[in-house]
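In case you want the letters, here they are:
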Amino acid sequence: MNEVLFKHTLPIQLRFNDVDTFGHVNNTVYFSFYDLGKTTYFDGLKQQNPALEHVDIVIVNLQADFLSPIFPVEQVAVQTAVVELGNKSFKMFQRVINTETSEVKCVCQTVLVGFDKKTNTAKPIPVEWKRAICDYEGCEDLLK
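Residues numbered from 1 in each chain as written. Predicted model: local features only at pLDDT ≥ 70, side-chain atom pairs only at ≥ 80, totals over all residues. Heavy atoms only, no water.

(A) How the structure looks around the nonpolar core. Counting 16 residues, the largest nonpolar core has Tyr41, Phe42, Leu45, Phe90, Met92 and Trp129 as the members making the most contacts within it. Top contributing element to this core by residue count: helix α2 (residues 127-137), with 5 residues. Apart from residues no more than four positions distant in its own chain, tyrosine 41 is found in contact with His8, Thr80, Ala81, Val82, Met92, Ile133, Tyr136 and Glu137. Core analysis: the next-biggest nonpolar cluster, separate from the first, contains 14 residues, Ile12, Val25, Ile70 and Cys108 among them. (Core = buried A, V, L, I, M, F, W, Y, C linked by side-chain atoms within 4.5 Å. Buried < 20%, exposed > 50% of the residue type's maximum accessible area, 1.4 Å probe, protein only. Helix = DSSP H or I, 4+ residues; strand = E, 2+ residues; numbered from the N terminus. Contact = heavy atoms within 4.5 Å.)

Shown next, in the form of structure tokens:
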């Protein structure tokens, strides 16, 4: 993947129960960090453009690579970016970093699909959402 410019960074407060018996953050906890990153990313889009309607999306694929453990004394953040934007789906790239050293601890790619709750089928991502994502990311080339 080409170099990703992350405009969205969320500091993460580590909790006592995030740490396992090996003395580092348990790998399952990273997915909570990624969920927080997605949530605040979309909340930020809505704050910038209050006219955006709610969009229902579901995760259809999630892949993570764990590169280095996180220890309780570290300051970490999750960074989030949309890197591909299609008609019914888009791909997010996220990573957890040590904010003091910039060391990348884990990377994650997630494919999300527009979803119609009434029919339980995929549906197009609304054009207003696509535009808001492109405006935020500063990349018109996301639109395919």
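(B) Molecular detail of the pairing of strand β3 (residues 76-85). Most of β3 sits inside the fold, with 8 of its 10 residues counted as buried. Direction of pairing for strand β1 (residues 8-12) relative to β3: antiparallel, over a ladder of 5 bridges. Directly across from threonine 9, in β3, lies its bridge partner glutamine 79. With 9 bridges connecting them, β3 and strand β4 (residues 89-98) associate as antiparallel partners. (Pairing = 2+ DSSP bridges.)

(C) Seen up close, the side chain of histidine 8. Within the secondary structure, histidine 8 sits in strand β1. Look past the residues within four positions of histidine 8 in its chain and what remains in contact with it is Gly37, Thr40, Tyr41, Val78, Gln79, Thr80 and Tyr136.

(D) Looking closely at the packing of helix α1 (residues 30-48) against α2. Following both chains from N to C, one finds α1 and α2 inclined at 100°, their axes separated by 10 Å at the closest point. When the axes of α1 and α2 are compared, the pair comes out roughly perpendicular. The residues of α2 that touch α1, namely those facing Tyr41, Phe42, Leu45, Lys46 and Gln48, are Trp129, Ala132, Ile133, Tyr136 and Glu137. Class assignment of the residues belonging to the contact of α1 with α2 gives a composition of 7 nonpolar, 1 polar and 2 charged. (Axes fitted to C-alpha atoms, helices over the stretch in contact; angles between N-to-C directions. Parallel < 35°, antiparallel > 145°, perpendicular 65-115°, else oblique. Nonpolar A, V, L, I, M, F, W, Y, C, P; charged D, E, K, R; others polar.)

(E) Local environment of the environment of lysine 105. For lysine 105, the location among the structural elements is in strand β5 (residues 104-116). Residue classification places lysine 105 among the buried residues on the basis of a relative accessible area of 3%. It is 6.4 Å that separates the C-alpha atoms of lysine 105 and proline 69, two residues lying 36 residues apart in sequence. Leaving out residues up to four positions away in the same chain, lysine 105 has contacts with Asp65, Phe66, Leu67, Ser68, Pro69, Ile70, Glu74, Val96, Ile97 and Asn98.

(F) View of the pairing of β5. Strand direction decides the pairing type here: strand β2 (residues 57-66) and β5, joined by 9 bridges, are antiparallel. Within the sheet, the bridge partner assigned to isoleucine 57 lies in β5 and is glycine 114. Taken together, the 9 bridges between β4 and β5 define a ladder with antiparallel strand orientation. Residue pairing for β5: phenylalanine 93 is matched across the bridge by glutamine 109. Adjacent in sequence and paired antiparallel, β4 and β5 are bridged by 5 residues, among which serine 102 carries a positive phi angle near 65°. Bridge count for β5 against strand β6 (residues 121-122) is 2 bridges, and the pairing is antiparallel. Within the sheet, the bridge partner assigned to phenylalanine 115 lies in β6 and is alanine 122.

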